[in-house]
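# Breakdown of the fold
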Amino acid sequence: MRVLGVDPGLTRCGLGVVDVAANRSATMVAVDVVGSSASMALPQRLLLISTAIEDWLDRYKPDVLAVERVFSQTNVSTVMGVAQVSGIVMAAAARRGVAVALHTPSEVKAAVTGSGRADKTAVTKMVTKILRLQEEPKPADAADALALAITHAWRSGPGSLTAEDGGQQLTPARKLWLEAEAKARKNAEKAKQQWR
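Residues numbered from 1 in each chain as written. Predicted model: local features only at pLDDT ≥ 70, side-chain atom pairs only at ≥ 80, totals over all residues. Heavy atoms only, no water.

### A few points about the overall build of the protein chain
Scanning the protein chain from terminus to terminus reveals six helices and five strands. Ordered by position from the N terminus, the helices and strands of the protein chain form the series β-β-β-α-β-α-β-α-α-α-α. Relative to its 196 residues, the protein chain shows a buried fraction of 40%. Here the protein chain has roughly 10,600 Å² of accessible surface; of this, 55% comes from carbon and sulfur atoms. (Helix = DSSP H or I, 4+ residues; strand = E, 2+ residues; numbered from the N terminus. Buried < 20%, exposed > 50% of the residue type's maximum accessible area, 1.4 Å probe, protein only. Areas by Shrake-Rupley, 256 points an atom, 1.4 Å probe, with all protein chains shown as cover.)

Written out as structure tokens, the structure is:
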């Protein structure tokens, strides 16, 4: 399975392609970070990232695209930029008929390190070890993109525990995500009611 992992961001968007064999051994195919300057106009920043993702999809022809699912109730401006990048990335994959999977940061950390609370250093170290790399991928956005690709391949293979199994074997991280999502919808509905 070939997976293109994307760690979405306006300033730094991590891209990582990983091939994963049936025995779960993973090999890095490519990794990079697409950057855009905060001094650029938003449409130009999005175009730069869109052009890069289109190129990667055409060049590496992944079976699936794995994108970080972001949830935050505090830093709205950061979340908006990440959501905009995620949207253009998913649309580019949809145009090519490439499946898209979303994974929370805690799911990725748990899959790669064994702990949903691992820090970026731990994730980078494990990605380096899993992919048998000579040196750590830098910056952290590059390692995160590779971790997303690894996570998706491992979680979607035979015997994996994914939400796509009909919700019967949800991971603790996925359960927390669904609970947070439901709470956010409830709070949004309450706020809407107050403005009426």
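### Digging into the nonpolar core
Leu-4, Val-6, Leu-15, Ile-53 and Leu-65 are the most contacted members of the largest nonpolar core, which has 22 residues in total. Every element with two or more residues in this core is listed here: strand 1 (2–7), strand 2 (12–20), strand 3 (26–35), helix 1 (42–60), strand 4 (64–68) and helix 2 (76–95). Ranked by the residues each element gives to this core, the list is headed by helix 1, at seven residues. Once you skip the residues sitting within four places of it in the chain, Val-6 turns out to touch Cys-13, Gly-14, Leu-15, Ile-53, Leu-65, Ala-66, Val-67, Glu-68, Val-89, Ala-145 and Leu-148. Val-3, Val-18, Leu-131 and Ala-149 belong to the second-largest nonpolar core, a separate cluster that totals 20 residues. (Core = buried A, V, L, I, M, F, W, Y, C linked by side-chain atoms within 4.5 Å. Contact = heavy atoms within 4.5 Å.)

### Some points on unusual backbone geometry
The peptide bond linking Lys-138 to Pro-139 adopts the cis configuration, its omega dihedral lying at -5°. Here Pro-139 shows up in the loop between helix 4 (120–130) and helix 5 (140–156). One non-glycine residue, Arg-24, lies in positive phi territory at about 75°. Of note, the phi angle at Arg-132 is positive, near 55°, even though the residue is not glycine. For Arg-132, the position within the fold is in the loop between helix 4 and helix 5. Accessibility expressed as a relative area gives 51% for Arg-132, which makes it exposed.

### A look at the pattern of salt bridges
Across all of its chains, the model carries nine salt bridges by this definition. With a closest N to O distance of 2.7 Å, Asp-141 and Arg-12 form a salt bridge. Pair noted here: Asp-141 is in helix 5 and Arg-12 is in strand 2, with a separation of 129 residues, a long-range link. Of the charged contacts, one joins Glu-54 and Arg-95 as a salt bridge, the two residues approaching to 2.5 Å between their closest N and O atoms. One end of the pair, Glu-54, is in helix 1; the other, Arg-95, is in helix 2, and 41 residues separate them in sequence. By relative accessible area, which is 56% here, Arg-95 ends up exposed. A single network of salt bridges, built from pairs that share partners, joins Glu-54, Asp-58, Arg-95 and Arg-96. (Salt bridge = Lys/Arg side-chain N within 4 Å of Asp/Glu carboxyl O.)

### Section: the pairing of strand 3
Two elements, strand 2 and strand 3, share nine bridges in a ladder whose sense is antiparallel. Along strand 3, the bridge assignment pairs Val-18 with Met-28. Adjacent in sequence and paired antiparallel, strand 2 and strand 3 are bridged by five residues, among which Arg-24 carries a positive phi angle near 75°. (Pairing = 2+ DSSP bridges.)

### Digging into the packing of helix 1 against helix 2
How two helices sit against one another is set out by the angle between their axes and by the gap between those axes. Their axes nearest at 10 Å, the elements helix 1 and helix 2 cross at an angle of 35°. Helix 2 is crossed by helix 1, and the crossing has right-handed handedness. When helix 1 is examined against helix 2, the residues Leu-42, Leu-46, Ile-49, Ser-50, Ile-53, Glu-54 and Leu-57 are found in contact with a partner set consisting of Gln-84, Val-85, Ile-88, Val-89, Ala-92, Ala-93 and Arg-95. Taken together, the residues of the contact of helix 1 with helix 2 sort by class into 10 nonpolar, two polar and two charged. (Axes fitted to C-alpha atoms, helices over the stretch in contact; angles between N-to-C directions. Left-handed = near helix turned anticlockwise from the far one by under 90°. Nonpolar A, V, L, I, M, F, W, Y, C, P; charged D, E, K, R; others polar.)

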